[in-house]
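Structural characterization, general
One letter stands for each residue in the lines below.
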Amino acid sequence: MSTILGGYIMGVDFERQQLPTISDPNYRAIEDTLISLKGVDSVVVLRAVPEPEVGPYELTLHCDKGNYLIMLNEYDDDGDSGVRTISNTSSDSTLIPILGDLYSAKSITRDFQVVCSIFKEFADSGNVSELLMS
């Protein structure tokens, strides 16, 4: 699977500072990008190229003040697009702001190691297991 890594840092007044795009990054480059953005309001995207007709095609991370929202976009057998997020069952249904939008606390983690593990699995296999997303 070929991939592209990119994203942006959210600056003052929601001004976006584009990150350099990396074609076919190895996991070290992905991890270095994630670590450099730890605690920084930002978005990181790892996208499969070309997109598959069925299955996951894009992993997106939204970072805001140490809160991490991970979304795995995937096509189902009918060609419809869906999104999987983590399922943090220990959280309540409080809404947490992430880059100006509100999301359920159940779909957010503060565990940076989980974020790295999810990106590693997607980079290695093109998918993320249900177990890791829970």
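Let me sum up the structure you'll find in this document. What you see is a predicted model, and the numbers here were worked out from it, not measured in a lab. (Residues numbered from 1 in each chain as written. Predicted model: local features only at pLDDT ≥ 70, side-chain atom pairs only at ≥ 80, totals over all residues. Heavy atoms only, no water.)

A short note on helix α2 (residues 112-125)
With 14 residues, α2 extends 20 Å from end C-alpha to end C-alpha; this agrees with the ideal 20 Å at 1.5 Å per step. Where α2 is concerned, the buried positions are F112, V115, C116, I118, F119 and F122. The arc enclosing the buried residues of α2, seen along the axis, measures out at 160°, which places them on a common side. Projecting away from the buried face of α2 at angles above 90 degrees are the exposed residues Q113, D124 and S125. Considering only its buried residues, α2 is in contact with α1 (27-36), β4 (42-49), β5 (55-64), β6 (67-75), β10 (108-109) and α3 (130-133). (Helix = DSSP H or I, 4+ residues; strand = E, 2+ residues; numbered from the N terminus. Expected span 1.5 Å × (residues − 1). Buried < 20%, exposed > 50% of the residue type's maximum accessible area, 1.4 Å probe, protein only. Arc of directions from axis to C-beta. Contact = heavy atoms within 4.5 Å.)

What to know about the side chain of N67
Mapped onto the elements, N67 comes out in strand β6. Note on N67: relative accessible area 12%, which makes it buried. Only 2.8 Å separates the side chain of N67 from the side chain of R110, close enough to count as a polar contact. In contact with N67, not counting residues within four places along its chain, are H62, I96, I98, I108, T109 and R110. (Polar contact = N/O pair within 3.5 Å; in protein donor to acceptor, adjacent residues only side chain to side chain.)

A word on the pairing of strand β8 (residues 95-98)
Because side chains alternate across β8, one face comprises the buried residues I96 and I98, and the other comprises L95 and P97, none of which is buried. Sheet topology places β8 next to strand β9 (residues 101-104); 4 bridges connect them, and they run antiparallel. Within β9, the position partnered with L95 by the bridge is S104. In this antiparallel pair of consecutive strands, β8 and β9, the connection spans 2 residues, and L99 shows a positive phi of 50°. (Pairing = 2+ DSSP bridges.)

Geometric descriptors of this kind do not, in isolation, establish any biological role.
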